[in-house]
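Structural overview
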Amino acid sequence: MTTPHLAHDHLLRPLRENGQWHRALDHAMTLLDQPGHDFHVIGETLLAAGRPRSAKRYGAELPRIKSRAEPDGGFFREISTSFAGKRKTLSWQPRRLSPDTLLAVCRAQEALGRLDEIAHRSPTASGWGLAVRLREARQLAHLAGVHASLRETWQTHLPGNMPRIATEPVLNAHLDAVLNGHTQQKTNPSEIGGPHVVSATLWHLGMLGAQTHAAFSGLPALLVGVGALRDTWLPLVNAITTHPDDYLTVLRATLETGSAEPMVAHFAHSVIDACREEAILIDRLTTLRTQLFTAVAPGRLGRILQIAVSLATAPVLNNLRIVQQYGITPKAATGITTTLVEQGLLVPHPRCTRSAVFCNPQALYLHSGLPTNPA
């Protein structure tokens, strides 16, 4: 095994062992940005994640043995099993919270207020909401047993006839659920009342019994709906299911006690941690945005400057997206991406030649939560 293989094996092994296949793919896909384009690790990781067709496109040999991943939606099945026989009898109403939980709720409320101001005032605000929603769609797919990198999620969301190697079509249902899907909701969270975190938790629990998937796909917009945030600044699905087994443990405790308090506490602590992490991420992306601004050749103004700084929150793009978003010609869009590639601000996908796809590795790695950033 070569040194690069050893390095990636060191990073991927604990993620694989913990079932974090989507994060393992985030790591593996960074090889697309490195000289030599070692597709072997990518193909093997896709294969292990239960995606043999995608693995084959990266040259992986398909063995006769079954994949080690379990792309069967076990998380949602476990929730349905937990609710079996209880769906019609449970009625989640606000109750008196313990002092510890009430303190956590208050801290979560303050954290949401701080994050809302940070995100709203940030120069990344215009693109931040979409970036969060795409992360939420990726997590939702992961919970359903569809494991994809954030890079693939962005590429699947791009307009036009994207090369099959760059996308995962199964993601489309989850993208639609998060981006467009205000599915028929049993309860309006704003009608529940109380602190935002409590009303969000009670709405989630109320939806779980009847529309399990919608109870999660509705979360990205939930805090906006109850007035806690001005846009989807917080990845709430990611926050409460970073460790799916922890969520399921809390859910069982909630169902066994008949009290919403365990889940309220879980939401509150998850929101506190996530708000802190998102504020740090926004700060890092703001710094990157400044670096992108100064990296564009001196004297260049107009569209190329706009597109360069937008990479902080939209790290993956193609020419058609530029055409549609900025109203310029395909020729002009191609000229801009060519220039940005020459300046080192964009890296083309090495296997997408007919329909070019580009990314800014620094921004993509930050959004993916990778521990290191390319130089």
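Refer to the structure above for everything that follows.
Report follows, based on the coordinates. No experiment lies behind these values; they were computed from the predicted model shown.

With respect to the overall build of the protein
- For the protein, the helix and strand inventory stands at 19 helices and three strands.
- For the protein, with 375 residues in total, the buried portion stands at 53%.
- Considering only intrachain contacts with a sequence separation of at least 6, the fraction spanning at least 24 residues in the protein is 67%.
- Summed over all atoms, the accessible surface of the protein reaches about 17400 Å², with 52% contributed by carbon and sulfur.

Some words on the packing of helix α15 (residues 261–295) against helix α16 (residues 303–310)
- As a packed pair, α15 and α16 sit with axes 8 Å apart at the nearest point and diverge in direction by 150°. Between α15 and α16, the crossing angle belongs to the class labelled roughly antiparallel. Where α15 crosses over α16, the handedness of that crossing is right-handed. Across the interface between the two elements, Arg 289, Leu 292 and Phe 293 of α15 pack against Leu 305, Ala 308 and Val 309 of α16.
- In the contact of α15 with α16, the residues fall into five nonpolar, no polar and one charged.

Looking at the packing of helix α6 (residues 99–121) against α15
- The interhelical angle for the contact between α6 and α15, taken along N-to-C directions, is 30°, at an axis separation of 8 Å. By the angle between their directions, the pair α6 and α15 is classed as roughly parallel. In this structure, α6 meets α15 at a crossing whose hand is left-handed. For the pair formed by α6 and α15, the contact residues are Thr 101, Ala 104, Val 105, Arg 107, Ala 108, Ala 111, Leu 112, Leu 115, Ile 118 and Ala 119 on the first element and Glu 261, Val 264, Ala 265, Ala 268, His 269, Val 271, Ile 272, Cys 275, Glu 278, Ala 279 and Ile 282 on the second.

Examining the sheet that holds strand β2 (residues 347–348)
- Strand order in this open sheet of three strands is β1-β3-β2, and the pairing throughout is antiparallel. Because the sheet does not close on itself, it has two edges, and the strands there are β1 (316–318) and β2.
- Across two bridges, the pairing between β2 and strand β3 (residues 357–359) is antiparallel. Bridging from a neighbouring strand, Val 347 pairs with Cys 359 of β3.
- Each of β1 and β3 is contacted by helix α17 (residues 319–326), which is oriented at about 85° to β1, the strand it contacts most.

Here's the deal with the packing of aromatic side chains
- The final tally for this structure, using the stated rule, is six aromatic pairs.
- Pairing Phe 75 with Phe 216 gives two aromatic rings, centres 5.6 Å apart and planes at 70°, and the pair type is edge-to-face. You can see Phe 75 sitting in helix α5 (residues 74–83) and its partner Phe 216 sitting in helix α11 (residues 212–217), a full 141 residues away along the chain.
- Residue Phe 75 is classed as buried on the basis of its relative accessible area, which comes to 8%.
- Accessibility expressed as a relative area gives 0% for Phe 216, which makes it buried.
- For the ring pair Phe 76 and Phe 216, a centre distance of 5.6 Å and an interplane angle of 75° mean the geometry is edge-to-face. In this pair, Phe 76 is assigned in helix α5 and Phe 216 in helix α11, connecting sequence segments 140 residues apart.

Comments concerning α6
- End to end, α6 covers 33 Å across 23 residues, agreeing with the expected 33 Å (1.5 Å per residue, within 8%).
- Inspection of α6 places Thr 101, Ala 104, Val 105, Ala 108, Ala 111, Leu 112, Leu 115, Asp 116 and Ala 119 among the buried residues, and these make up the whole buried set.
- Its buried side turned inward, α6 meets α7 (125–143), α10 (196–210), α12 (219–225) and α15.

A word on the nonpolar core
- Residues Ile 79, Phe 216, Leu 234 and Tyr 247 are the most contacted members of the largest nonpolar core, which totals 119 residues.
- Of all the elements, α15 adds the most residues to this core, at 13 residues.
- Not counting chain neighbours up to four residues away, the residues in contact with Ile 79 comprise Leu 208, Thr 212, Phe 216, Tyr 247, Leu 248 and Leu 251.

Some details on the environment of Asn 319
- Note on placement: Asn 319 falls in helix α17.
- By relative accessible area, Asn 319 is classed as buried at 18%.
- For the pair Asn 319 and Pro 330, spaced 11 residues apart in the sequence, the C-alpha separation amounts to 6.7 Å.
- When sequence neighbours within four positions are dropped, the list of residues in contact with Asn 319 reads Ala 333, Thr 334, Thr 337 and Phe 358.

Brief notes about the pattern of salt bridges
- Taken as a whole and judged by the stated rule, the model has 11 salt bridges.
- In this structure, the salt-bridge partner of Arg 51 is Glu 168, at a minimum N-O distance of 3.0 Å. Here the residue Arg 51 occupies a position in the loop between α3 (39–48) and α4 (52–57), and Glu 168 occupies one in the loop between α8 (150–157) and α9 (171–179), the gap between them amounting to 117 residues. Take Arg 51 and Glu 168: they sit in the same class, and that class is buried.
- One salt-bridge network, in which partners are shared between bridges, spans Asp 116, Glu 117, Arg 121 and Arg 230.

Thoughts on the environment of Pro 159
- Assignment of secondary structure puts Pro 159 in the loop between α8 and α9.
- Once you skip the residues sitting within four places of it in the chain, Pro 159 turns out to touch Asn 318, Leu 320, Arg 321 and Gln 324.

A look at the layout of surface pockets
- Taken as a whole, the largest pocket holds about 690 Å³ of empty space.
- Lining the largest pocket are 30 residues, with Arg 23, Arg 135, Thr 242, Glu 277 and Glu 278 sitting closest to its centre.
- Among the elements of the structure, α2 (21–29), α7, α13 (236–241), α15 and α19 (361–368) are those that each provide at least two residues to the lining of the largest pocket.
- Considering every element that reaches the lining of the largest pocket, the biggest residue donor is α15, with 10 residues.

What counts and how
Chains are numbered independently. Their residues run from 1 in the order of the written sequence. For this predicted model, a pLDDT threshold of at least 70 governs which residues receive local features, and a threshold of 80 or more governs which side-chain atom pairs are given and counted, while totals over whole chains, interfaces and linings are taken from all residues. Calculated side-chain values reflect all of the structure's heavy atoms, with hydrogen atoms and water omitted. Think of it this way: any DSSP run of H or I at least four residues long counts as a helix, any run of E at least two long counts as a strand, and we number them from the N terminus. Working definition: with a 1.4 Å probe on protein chains only, accessible area under 20% of the residue-type maximum means buried, over 50% means exposed, and in between means partly exposed. Working rule for contacts: check all heavy atoms of both residues, and any pair within 4.5 Å makes them a contact. The protein chains shown are the only cover counted for residues, whose accessible areas, like all others here, come from Shrake-Rupley with a 1.4 Å probe. Each axis is a line fitted through C-alpha atoms, and for a helix only the stretch in contact is used; angles between axes span 0 to 180 degrees, taken between their N-to-C directions. What sets the label is the angle itself: under 35 degrees gives roughly parallel, over 145 gives roughly antiparallel, 65 to 115 gives roughly perpendicular, and the rest give oblique. Helix crossings get a hand from a simple test, with the near helix turned counterclockwise from the far one by less than a right angle marking a left-handed crossing and a clockwise turn marking a right-handed one. Residue classes follow a fixed rule: Ala, Val, Leu, Ile, Met, Phe, Trp, Tyr, Cys and Pro count as nonpolar, while Asp, Glu, Lys and Arg count as charged, and any other residue, Gly among them, counts as polar. Strands were regarded as paired on the criterion that DSSP finds at least two bridges between them. Stacked, tilted and edge-to-face are the three classes applied to pairs of Phe, Tyr and Trp rings, where Trp contributes its six-membered ring and a pair requires centres within 6.5 Å; stacked means planes under 30 degrees apart, edge-to-face means over 60, and tilted covers the rest. How far a helix is expected to stretch is found by multiplying one less than its residue total by 1.5 Å. Here, nonpolar core refers to any group of buried Ala, Val, Leu, Ile, Met, Phe, Trp, Tyr and Cys residues whose side-chain atoms link them within 4.5 Å. Salt bridges are identified by distance alone: a Lys or Arg side-chain nitrogen within 4 Å of an Asp or Glu carboxyl oxygen. Buried and open spaces are told apart on a 1 Å grid over the protein atoms alone, a cavity being a set of points where a 1.4 Å probe fits but cannot get out and a pocket being an open set with protein on both sides within 12 Å along at least five of seven lines. Residues with an atom within 4 Å of a point are the lining residues. Grid points are joined across faces, edges and corners, and a volume is the space filled by probe spheres set on the points.

Read these as layout, nothing more, since geometry by itself doesn't imply function.
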